[in-house]
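Below are the chains, spelled out letter by letter.
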Amino acid sequence: MTSKVTEETLGYEQARDELIEVVRRLEAGGTTLEESLALWERGEELARVCRRWLDGARARLDAALAEEEAAEDGESE
């Protein structure tokens, strides 16, 4: 699965849940070096997806708060 496909198809909760599973598997051990590297790479990809979702949510929240503040400033004038 490519990074672009992951970004377009996974929601935050899906990416987070898969990331939790990847971490669990890495912490459990018992995988080959190649498998561990593949899991680590997938985990990095999933972490980027989660970060983008969180950054987007933060931007929307900041915009809503700024809009609310501007409306309040307009009312007080």
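The present account deals with the structure reproduced in this document. Just so it is clear, the model here is predicted, and its values are computed rather than measured.

## Brief notes about the nonpolar core
- In terms of nonpolar packing, the biggest core is built from 7 residues, these being Leu10, Ala15, Val22, Leu39, Leu46, Val49 and Cys50.
- Taken together, the elements giving at least two residues each to this core come down to α2 (12–28) and α3 (33–76).
- Sort the elements by how many residues they give to this core and α3 lands first, with 4 residues.

## Observations concerning a negative patch on the surface
- A cluster of acidic residues, Glu67, Glu68, Glu69, Glu72, Asp73 and Glu75, forms a negative patch at the surface.
- With respect to the helices and strands, Glu72 occurs in helix α3.

## So, the pattern of salt bridges
- According to the stated counting rule, one finds 6 salt bridges in the structure shown.
- Glu18 is the salt-bridge partner of Arg42, the closest N and O atoms lying 2.7 Å from each other. Separated by 24 residues along the polypeptide, Arg42 in helix α3 and Glu18 in helix α2 bring together distant segments of the chain.
- Judged by its relative accessible area of 15%, Arg42 falls in the buried class.
- When its relative accessible area of 29% is taken as the criterion, Glu18 is described as partly exposed.
- The residue Arg58 makes a salt bridge to Asp62 at a minimum N-O spacing of 3.5 Å. With Arg58 and Asp62 both in helix α3, this residue pair falls 4 residues apart, about one helical turn.
- Overall, the relative accessible area of 48% leaves Arg58 in the partly exposed class.
- Asp62 sits in the partly exposed class, given a relative accessible area of 40%.
- Among the charged side chains, a salt-bridge network with shared partners connects Glu18, Arg42 and Glu45.

Procedures and definitions
Residues numbered from 1 in each chain as written. Predicted model: local features only at pLDDT ≥ 70, side-chain atom pairs only at ≥ 80, totals over all residues. Heavy atoms only, no water. Core = buried A, V, L, I, M, F, W, Y, C linked by side-chain atoms within 4.5 Å. Buried < 20%, exposed > 50% of the residue type's maximum accessible area, 1.4 Å probe, protein only. Helix = DSSP H or I, 4+ residues; strand = E, 2+ residues; numbered from the N terminus. Patch = residues over 30% accessible without salt bridge, like charges linked within 9 Å, V, L, I, M, F, W, Y side chains within 5 Å. Areas by Shrake-Rupley, 256 points an atom, 1.4 Å probe, with all protein chains shown as cover. Salt bridge = Lys/Arg side-chain N within 4 Å of Asp/Glu carboxyl O. Lys, Arg positive; Asp, Glu negative; His and termini not counted. Charge placed at Lys NZ, Arg CZ, Asp CG, Glu CD.

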